[in-house]
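These are the residues of each chain, in order.
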Amino acid sequence: ESTFIELRCKEVVNILDGRRLGHIIDMAFDLGSARVLGFIVRWEKTGWSRCKSSIQLFIPYGCLVRIGE
């Protein structure tokens, strides 16, 4: 059991390559069935330039492997 505030502190990591995708900023759910559809993560893309670009990624709930430390 967890609250949304606690989830926002969690970092999302791609288990295939270990890339850190960012932190949860929002969640999507279906009001009709009261089911969580997925999480929205802010991924800060950095490169060789000094500019950072922020992209929002949608991670479907079915793609989650684990929530925790």
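The residue numbering used here restarts from 1 in each chain and proceeds along that chain's sequence as written. Only residues with pLDDT of at least 70 are given local features in this predicted model, and only at 80 or more are side-chain atom pairs given and counted; all residues enter the totals for whole chains, interfaces and linings. Side-chain numbers come from the whole structure's heavy atoms, not from hydrogens or water.

1. Considering the packing of aromatic side chains
Aromatic pairs are defined between Phe, Tyr and Trp rings, using the six-membered ring for Trp, whenever the two ring centres lie within 6.5 Å; interplanar angles under 30 degrees are classed as stacked, those over 60 as edge-to-face, and all others as tilted. Inspection of every chain in the model, using the stated rule, returns one aromatic pair. When the ring of Phe39 is compared with that of Tyr61, the centres are 6.5 Å apart and the planes differ by 45°; the resulting orientation is tilted. Residue Phe39 is found in strand 3 (residues 35-45), and its partner Tyr61 is found in the segment after strand 4 (53-60); the two are separated by 22 residues along the sequence. Think of it in three bands: with a 1.4 Å probe and only protein chains considered, a residue is buried below 20% of the maximum accessible area for its type, exposed above 50%, and partly exposed in between. On the accessibility criterion, Phe39 (4% relative accessible area) is buried. Helix and strand labels come from DSSP, where a helix needs a run of H or I of at least four residues and a strand needs a run of E of at least two; each type is numbered from the N terminus.

2. Structural notes on a nonpolar patch on the surface
In this scheme, patches are assembled from residues that exceed 30% relative accessible area and form no salt bridge. Like charges are connected within 9 Å, while nonpolar side chains (Val, Leu, Ile, Met, Phe, Trp, Tyr) are connected within 5 Å. We get accessible surface area from the Shrake-Rupley algorithm with a probe of 1.4 Å; when it comes to residues, only the shown protein chains can shield them. Basic side-chain nitrogens of Lys or Arg form a salt bridge, by our definition, when they fall within 4 Å of a carboxyl oxygen of Asp or Glu. Taken together, the side chains of Ile15, Leu16 and Val65 present a nonpolar region at the surface, about 390 Å² in accessible area. Looking at the secondary structure, you find Leu16 in the loop between strand 1 (11-13) and strand 2 (20-30).

3. Points about the side chain of Asn14
Mapped onto the elements, Asn14 comes out in the loop between strand 1 and strand 2. When neighbours within four sequence positions are excluded, Asn14 is seen to be in contact with Arg19 and Leu21. Throughout, a residue-residue contact means that at least one pair of heavy atoms, one from each residue, lies within 4.5 Å.

4. Notes on the pattern of salt bridges
The tally for this structure, following the rule as stated, stands at two salt bridges. A salt bridge links Glu11 to Arg20, with the shortest nitrogen-to-oxygen separation between them at 3.8 Å. Looking at Glu11, the relative accessible area reads 36%, which means it is partly exposed. In this structure, Asp17 and Arg19 form a salt bridge, with 2.9 Å as the shortest nitrogen-oxygen distance. On the accessibility criterion, Asp17 (46% relative accessible area) is partly exposed.

5. Some details on unusual backbone geometry
Unlike most non-glycine residues, Ala34 shows phi in positive territory, near 60°. Structurally, the position occupied by Ala34 is in the loop between strand 2 and strand 3.

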